[in-house]
Amino acid sequence: MAEQQNNYIDFGAFFKTLWQRRKVFYWVLPVTFVLSCAFILCVPRYYKVEVVLAPEAQSSTPSSSLMALASTFGFDIGSMTSRDAIYPLIYPDVISSPNFIIRLFDIPITTADGEYSDTYYNYLVEKTKLPFWKRWKAKIKKMFSSDDSSVVVVNPAAQDDGRSVFWLTKKEKGVVTMLSENISCVVDKQTEVVTISLIDQDPLVCATMADSICGMLQSFMTTYRTQKARVDIEYYSKVMNEAYREYLDISEKYIQYVDGHKGIQLEKYRIELQNLESEMQIKYSAYTTFQKQYMTSQARLQENTPVFTVINSASIPLRPYGPKRTIFVLVMLFLATIVTSMILGKDQLKSLLFS
């Protein structure tokens, strides 16, 4: 019984000790409050915009009951049996890839105050605010690293805008890393509803870029799913026009031959006429065949063009998403109170630990 009575904290003595040394809290809590406010005020406010999309359902999927059963175990049968190699569950990988992110660099933006208008890349480089510790870290790294801006190297793989994921500068790689952290894409495994979110320090820029990312994802998927049909259309359009020109040429020869040999009953001319007629029919058949293939490819293009339903479109946020400064200060005051109480009541805690 004596051992059991010793296995608890004497809360009366514990609170008595805290009350006797309450002046310690008069110093700890104000200092914690000031430091917490100074710390959290250095963190710039940021906004968040979410866009919710519902992509077109894929064909050739199993029954809905089987899909629902498989989804409970974390499997998506609909995506496995989809004809597409890029299905909704890998949209997050597509959006976070450097190939996708560098396409956002040259999108024009305007800040909410209207004082800055430029490309999104220049805005991130020039107008992004960083906490003091990140600025110091960047300055220290800059002191011990070479500046790649002093060396001008022509990138043979770059496009017209001068950027290529194959050859990015240090600054561009830093922007790509920052954007991959600020852009989020979540896909519901059961409904395949896609939620795209973006964090930025300006509300208008945040809404503009969230809408642009949504549009670029739709354009990316449209290009991917219709690429084969567009190649077919280009090919059949070319061969159809060539077949039509050949048909016109042989029909013109046929007309000239008939007009130039009227009234002639020789067997040679009759056979030649039959040969021209046969060749003209072959050219016409080839033309009609390619024309049907061309029209089929156009129909396939329309069929493969995906449709995205925007459930929640981008809108300018009215309030910052973070940081939660009041909550942060309150949490720090609570932790300071707990830690200080544990230090002041360490004798009672020792008696519990070593009993």
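## Side note on the packing of aromatic side chains
A complete count under the given rule lists 8 aromatic pairs for this structure. Look at Tyr235 and Tyr236: their rings are 5.2 Å apart centre to centre, the planes differ by 65°, and that puts the pair in the edge-to-face class. The class for Tyr235 is partly exposed, based on a relative accessible area of 46%. Centroid distance Tyr247 to Tyr284: 5.3 Å. Interplanar angle 50°. Geometry classified as tilted. Here Tyr247 is found in helix α11 (residues 203-260), whereas its partner Tyr284 is found in helix α12 (residues 267-304), with 37 residues between them in sequence. By relative accessible area, Tyr284 is classed as partly exposed at 39%.

## Considerations on a nonpolar patch on the surface
On the surface, Ile327, Val331, Phe334, Leu335, Ile338 and Met342 cluster together to form a nonpolar patch covering roughly 560 Å² of accessible area. Its location among the elements puts Ile327 in helix α13 (residues 325-344).

## Observations concerning the pairing of strand β1 (residues 47-55)
In terms of burial, β1 is largely enclosed, as 7 of its 9 residues are buried. By the bridge criterion, 4 bridges tie β1 to strand β6 (residues 308-312) in an arrangement that is antiparallel. Within β6, the residue paired with Pro55 across the bridge is Phe308.

## With respect to helix α10 (residues 170-182)
For α10, built from 13 residues, the straight-helix expectation of 18 Å at 1.5 Å per residue is met to within 8% by its first-to-last C-alpha distance of 18 Å. Buried residues in α10 make contact with α7 (98-101), α8 (120-127) and β4 (183-187).

## Re the sheet that holds β6
Backbone-to-backbone hydrogen bonds pair the strands of a sheet. The strands run either parallel or antiparallel. Pairing within the open sheet is antiparallel, and its 4 strands lie in the order β4-β5-β1-β6. On the outer flanks of this sheet lie β4 and β6, each paired with one strand and no other. For this sheet the average axis-to-axis angle between neighbouring strands, irrespective of direction, equals 25°. Judged from the 7 bridges that link them, β1 and strand β5 (residues 194-200) form a sheet pairing that is antiparallel. Among the inter-strand pairings, Val51 is bridged to a residue of β5, identified as Ile196. α10 contacts β4 and β5 of the sheet and is inclined by roughly 40° relative to β4.

## Comments concerning the environment of Ile109
Structurally, Ile109 can be placed in strand β2 (residues 108-110). Of the residues examined, Ile109 reaches a relative accessible area of 4% and is grouped as buried. With 12 residues separating them along the chain, Ile109 and Tyr121 place their C-alpha atoms 9.6 Å apart. The residues contacting Ile109, other than those within four sequence positions of it, are Tyr116, Ser117, Asp118, Thr119, Tyr120, Tyr123, Val205, Thr208 and Met209.

## Observations regarding the pairing of β4
Along any regular strand, the residues point their side chains to alternate faces of the sheet. Side chains Ile183, Cys185 and Val187 of β4 all project onto a buried face; the interleaved residues Ser184 and Val186 project onto a face where none is buried. Inspection of the sheet shows β4 paired to β5 by 5 bridges, in the antiparallel sense. When the bridges of β5 are listed, Val186 appears paired with Thr195. Counted between consecutive antiparallel strands, the loop separating β4 from β5 contains 6 residues, among which Glu192 sits at a positive phi close to 60°.

## Let's talk about the confidence of the model for the chain
Note that predicted coordinates carrying low pLDDT should not be read in detail. Overall, the predicted model of the chain reaches an average pLDDT of 78, with 76% of residues at or above 70. Throughout residues 149-160 the model reports pLDDT below 50, and contacts reaching past four residues in sequence, or to other chains, amount to 9 contacts.

## Comments concerning the environment of Phe132
Structurally, Phe132 is set in helix α9 (residues 132-143). The spatial distance from the C-alpha of Phe132 to the C-alpha of Val43 is 8.4 Å, given a sequence separation of 89 residues.

Conventions and cut-offs
- Residues numbered from 1 in each chain as written.
- Predicted model: local features only at pLDDT ≥ 70, side-chain atom pairs only at ≥ 80, totals over all residues.
- Heavy atoms only, no water.
- Phe/Tyr/Trp six-rings, centres within 6.5 Å; stacked < 30°, edge-to-face > 60°.
- Buried < 20%, exposed > 50% of the residue type's maximum accessible area, 1.4 Å probe, protein only.
- Helix = DSSP H or I, 4+ residues; strand = E, 2+ residues; numbered from the N terminus.
- Patch = residues over 30% accessible without salt bridge, like charges linked within 9 Å, V, L, I, M, F, W, Y side chains within 5 Å.
- Areas by Shrake-Rupley, 256 points an atom, 1.4 Å probe, with all protein chains shown as cover.
- Salt bridge = Lys/Arg side-chain N within 4 Å of Asp/Glu carboxyl O.
- Pairing = 2+ DSSP bridges.
- Expected span 1.5 Å × (residues − 1).
- Contact = heavy atoms within 4.5 Å.
- Axes fitted to C-alpha atoms, helices over the stretch in contact; angles between N-to-C directions.
- pLDDT = per-residue confidence, 0-100.

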